[in-house]
Amino acid sequence: MQKRKGLLSGTWYPDTKEECEMFIASASKNIKIDNKIFGGIVPHAGWFFSGETAKVIIEALSHMNPDLVIVFGMHMPEGAQKRIMTTGVYETPLGILPVCGDLVGRVAKETDFAAETPDDFEPDNTIEVQLPLIRHFMGEVEVFCCGLPPDKSSFGFGKRVGEMAVEMGRRAVVIGSTDLTHYGPSYGFMPYGKASEAYEKVRDVNDRRMIGFIEKMDYSGVISDSKVHMNACCSGAVAGAIGCASALGAKKGVCADYSNSYEKRKSDVFVGYAGIYFE
């Protein structure tokens, strides 16, 4: 099988099995999730900034013993075509993750998309940084990785993918990848003043707004609020994950963890991160 190589290993996350395992072992937030869960929302900065928060959700999902992980992500403009990895395997420092060809084939019968292959793909951090964590906690599980635009139609697509997984008899979980507020002059978003004055406001107001929409599984609110308040950079991925989780059986979201790059490194720009699970 052709391998899609990770482009960010050694920078956004470690490039050796030993270093990945060392980071995962040291990322020890004491957050236990014992509920039956169907999916979650994770951040996608480098592991230094958001890896611990992503680990909380992915480790919890592994307890569901899935044999298929559906991952939605990618930074895409409104109206962009969906992008799906259609064949081969993803290579990570911890081993490979094979693409679920059966699900890709079913999706291809119902919708158009831009096909990615191990030799022809759009560089992307939103999905790639999750893959070593998935491989570590879930083993050589099959994956279905897809980029979704910030459109309300992404909810319906995600729901249909979840329905297909159920029809196939798969033990599926879904992950939606997004960061929250991007604040500061580099992002052109500074409604609360300088970073040192704005951090708590962003955390307690702007990011909390988006978390609230996700907890209510209000995909329409996720899409519309992100366009005004810049508090979800991949709102289409969130909408798709909400749709898929609902098809798998979820009724609500619960925020298990929140973090922010400002807590790690004080700067005039910072980004919020949330780990949310669907139960």
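In what follows, the accompanying structure is described. These figures come from a predicted structure and were not determined experimentally.

Of the two faces of strand E2 (residues 39–42), the one holding Gly-39 and Ile-41 and the one holding Gly-40 and Val-42 are both buried throughout. Here E2 pairs with strand E9 (residues 172–177) via 4 bridges, running parallel. The residue bridging Ile-41 from the neighbouring strand is Gly-176, located in E9. Taken together, the 3 bridges between E2 and strand E12 (residues 270–278) define a ladder with antiparallel strand orientation. Across the sheet, residue Gly-39 finds its bridge partner in E12, namely Phe-278.

As a further point, take the layout of surface pockets. Taken as a whole, the largest pocket spans an internal volume of roughly 270 Å³. Around the largest pocket sit 18 residues that line it, and Phe-49, Tyr-187, Ser-261, Val-271 and Tyr-273 are the ones nearest its centre. A per-class count over the lining of the largest pocket returns 9 nonpolar, 7 polar and 2 charged. Around the second largest pocket sit 13 residues that line it, and Lys-29, Ile-31, Lys-32, Val-56 and Glu-59 are the ones nearest its centre.

On to the side chain of Thr-178, then. Tracing the backbone shows Thr-178 in the loop between E9 and strand E10 (182–183). Reaching out from Thr-178, the side chain makes a polar contact with the backbone nitrogen of Cys-234 at a distance of 3.0 Å. In this structure Thr-178 touches Ile-41, Val-42, Pro-43, His-44, Ala-232, Cys-233, Cys-234 and Val-238, once residues within four positions along its chain are discounted.

Spatial strand order, E1-E5-E6: 3 strands in an open sheet with mixed pairing. Of all strands in the sheet, those bounded by a partner on one side alone are strand E1 (3–4) and strand E6 (95–98). Sheet analysis places E1 next to strand E5 (residues 89–92), joined by 2 bridges and oriented parallel. Among the inter-strand pairings, Arg-4 is bridged to a residue of E5, identified as Tyr-90.

Now for the packing of helix H3 (residues 101–108) against helix H6 (residues 153–167). Packing of H3 against H6 brings their axes to within 10 Å, and their N-to-C directions diverge by 125°. Regarding the angle of H3 to H6, the classification is oblique. Along this stretch, H3 crosses H6, giving a crossing that reads as right-handed. Of the residues in H6, those in contact with Leu-103, Arg-106 and Val-107 of H3 are Phe-157, Val-161, Met-164 and Glu-167. In terms of residue class, the contact of H3 with H6 is built from 5 nonpolar, no polar and 2 charged.

The next thing to look at is helix H2 (residues 47–62). In a regular helix each residue adds 1.5 Å, so 16 residues correspond to 22 Å; H2 covers only 19 Å between its end C-alpha atoms and thus falls short of that length. In the structure, H2 departs most strongly from a straight axis at Ala-54, where the bend amounts to approximately 30°. Most of H2 sits out of view: 12 of its 16 residues are buried. Those residues of H2 hidden inside the fold are in contact with helix H1 (17–26), E2, helix H5 (131–138), E9, strand E11 (253–260) and E12.

Positive phi, normally seen in glycine, also occurs at Met-74, with a value near 80°. Take Met-74: it is sitting in the loop between strand E3 (68–73) and strand E4 (83–85). With relative accessibility at 7%, the residue Met-74 sits in the buried group.

Moving on, we get to the packing of aromatic side chains. According to the stated counting rule, one finds 11 aromatic pairs in the structure shown. Ring geometry for Tyr-183 and Phe-189: centres 6.0 Å apart, planes at 85°, overall edge-to-face. What makes Phe-189 buried here is its relative accessible area of 10%. Ring centres 6.2 Å apart and planes at 75° place the aromatic pair Tyr-199 and Phe-270 in the edge-to-face group. One end of the pair, Tyr-199, is in helix H7 (residues 195–215); the other, Phe-270, is in strand E12, with 71 residues separating them in the sequence. The burial state of Tyr-199 is the same as that of Phe-270; both residues are buried. The ring of Phe-121 has Arg-4 lying over it, and the distance from NZ or CZ to the ring centre is 3.8 Å. For Lys-264, the ring lying beneath its charged end belongs to Phe-48, and the centroid distance is 5.2 Å.

The next point concerns the state of the cysteines. Counted according to the given criterion, the structure contains 0 disulfides. Here Cys-233 is not disulfide-linked; the sulfur of Cys-234 is the nearest cysteine sulfur, at 3.9 Å. Here Cys-233 falls in the partly exposed class, since its relative accessible area comes to 26%. As a non-bridged cysteine, Cys-255 has Cys-233 as the owner of its nearest cysteine sulfur, 16 Å distant. Look at Cys-255 and you get partly exposed, because its relative accessible area is 23%.

Rules used in this analysis
- Residue positions within a chain follow its written sequence, with the count starting from 1.
- Per-residue local features are limited, in this predicted model, to residues with pLDDT of at least 70; the limit for side-chain atom pairs, both in listing and counting, is 80 or more; totals at the level of whole chains, interfaces and linings are taken over all residues.
- Note that water and hydrogens are dropped before the side-chain values are worked out from all heavy atoms of the structure.
- Three labels apply to residues, based on accessible area from a 1.4 Å probe with only protein chains included: buried if under 20% of the type maximum, exposed if over 50%, partly exposed otherwise in between.
- Secondary structure counts use DSSP, requiring at least four H or I residues in a row for a helix and at least two E residues in a row for a strand, with both numbered from the N terminus.
- Whether two strands pair comes down to DSSP finding at least two bridges between them.
- In this analysis the probe radius is 1.4 Å and the grid spacing 1 Å, with only protein atoms considered; a cavity is a set of points the probe fits into but cannot get out of, a pocket is an open set with protein on both sides within 12 Å along at least five of seven lines, and lining residues have an atom within 4 Å of a point.
- Grid points are joined across faces, edges and corners, and a volume is the space filled by probe spheres set on the points.
- For this classification, the nonpolar set comprises Ala, Val, Leu, Ile, Met, Phe, Trp, Tyr, Cys and Pro, the charged set comprises Asp, Glu, Lys and Arg, and every other residue, Gly included, is treated as polar.
- Polar contacts here mean pairs of N or O atoms no more than 3.5 Å apart (in protein, one a potential hydrogen donor and the other a potential acceptor; neighbouring residues in sequence count only if both atoms are side-chain atoms).
- Should any heavy atoms of two residues lie within 4.5 Å, those residues are counted as being in contact.
- Axis definition: a line fitted to C-alpha atoms, over the contacting stretch in the case of helices. Angles run 0 to 180 degrees between N-to-C directions.
- Each angle is binned into one of four classes, with values under 35 degrees roughly parallel, values over 145 roughly antiparallel, values of 65 to 115 roughly perpendicular, and all other values oblique.
- Handedness of a crossing follows from how the near helix is turned relative to the far one, being left-handed for an anticlockwise turn of less than a right angle and right-handed for a clockwise one.
- Every helix has an expected span of 1.5 Å times one less than the residues it contains.
- A residue's bend is the angle separating two fitted axes: one through the seven residues that end there, the other through the seven that start there.
- Pairing of aromatic rings covers Phe, Tyr and Trp, the last through its six-membered ring, and needs centres within 6.5 Å; plane angles under 30 degrees mean stacked, over 60 mean edge-to-face, and all others mean tilted.
- We call a charge positioned above a ring when the Lys NZ or Arg CZ atom is no farther than 6 Å from the ring centre and deviates by at most 35 degrees from the ring normal.
- Disulfide: a pair of cysteine sulfur atoms within 2.5 Å of each other.

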